Amino acid sequence: MSSRALRLVIAASITVFIVVVVALIVGRATSPTANATPGNLSADAGFSRDMQFHHDQAVEMALIIRDNTDDEQIRRLAYDIATSQAQQSGQMFGWLASWGLPQNSSQPQMEWMADSGHKHDTTTLVGRNPGLMPGMASAAEITELTNLRGVEAERLFLDLMIEHHRAGVEMAEAILERTQTEVVRNLAQAIVTAQSGEIVYMNELLGARSDASF
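Residues numbered from 1 in each chain as written. Predicted model: local features only at pLDDT ≥ 70, side-chain atom pairs only at ≥ 80, totals over all residues. Heavy atoms only, no water.

S.K.: I'd like a description of the packing of helix H3 (residues 72-98) against helix H6 (residues 182-207), backed by residues and values.
M.R.: As a packed pair, H3 and H6 sit with axes 12 Å apart at the nearest point and diverge in direction by 165°. Taken together, the axis directions place H3 and H6 in an arrangement best described as roughly antiparallel. Helix-helix and strand crossings are classified by hand; for H3 and H6 the assignment is left-handed. Here Gln 73, Ile 74, Leu 77, Ile 81, Gln 85, Gln 88, Gln 91, Met 92 and Trp 95 of H3 come into contact with H6, specifically with Val 183, Val 184, Leu 187, Ile 191, Gln 195, Glu 198, Tyr 201, Met 202 and Leu 205. Tallied by class, residues from the contact of H3 with H6 come to 12 nonpolar, five polar and one charged. (Axes fitted to C-alpha atoms, helices over the stretch in contact; angles between N-to-C directions. Helix = DSSP H or I, 4+ residues; strand = E, 2+ residues; numbered from the N terminus. Parallel < 35°, antiparallel > 145°, perpendicular 65-115°, else oblique. Left-handed = near helix turned anticlockwise from the far one by under 90°. Contact = heavy atoms within 4.5 Å. Nonpolar A, V, L, I, M, F, W, Y, C, P; charged D, E, K, R; others polar.)

S.K.: I'd like a rundown of H3, residues and numbers included.
M.R.: In a regular helix each residue adds 1.5 Å, so 27 residues correspond to 39 Å; H3 covers 39 Å between its end C-alpha atoms and thus fits that length. For H3, every residue scored as buried is listed here: Ile 74, Leu 77, Ala 78, Ile 81, Ala 82, Gln 85, Gln 88, Ser 89, Met 92, Trp 95 and Leu 96. For H3, the elements touching its buried residues are helix H2 (43-68), helix H5 (150-178) and H6. The N-terminus of H3 is capped by Asp 71, whose side-chain oxygen sits 3.0 Å from the backbone nitrogen of Gln 73. At the C-terminal side of H3, Gly 100 shows a positive phi close to 75°. (Expected span 1.5 Å × (residues − 1). Buried < 20%, exposed > 50% of the residue type's maximum accessible area, 1.4 Å probe, protein only. Polar contact = N/O pair within 3.5 Å; in protein donor to acceptor, adjacent residues only side chain to side chain.)

Have a look at this one:
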């Protein structure tokens, strides 16, 4: 083997080694099992289940509006919401699987927030549809969004998604008060930051399409 070929082999081997080491370090730092494994009735588990459910409706509404409008700002926003929240939902599904916990629980939704020792409990969350998780659109509202087109669809989407995001931010802030699990904390903080910014942007978009901002 020539010296040049040998150098290439050595360089490739070093590169592979570095990639493997970095992957192991990152994996240990971000693995849900880096902390004590959360239990089935823990706030971490409850948040993971409830926020998955919450995110899944946001993805549904985003995909609906992308089909019902030609406005590029709304379509880009909808794409960002759909892709980011689908990815985050997958993360939370993966956490529960890695913790050895079921995806569903016998506990009522939001039960993990039902304590008076923290700032955020179920009584503080926004919601205009009694009986549904805070921020969730009703079946009738989803049907209405599906049937509307253009500016009317955009207004309803923004109205629904602003409320949806507000509840999502409060849920994320609530788990930040309760969790000791690094990956949960990191995702919750990302949700607070991203969705708070999107609320401001959506209010601007809504204001441009109506006489009032919500």
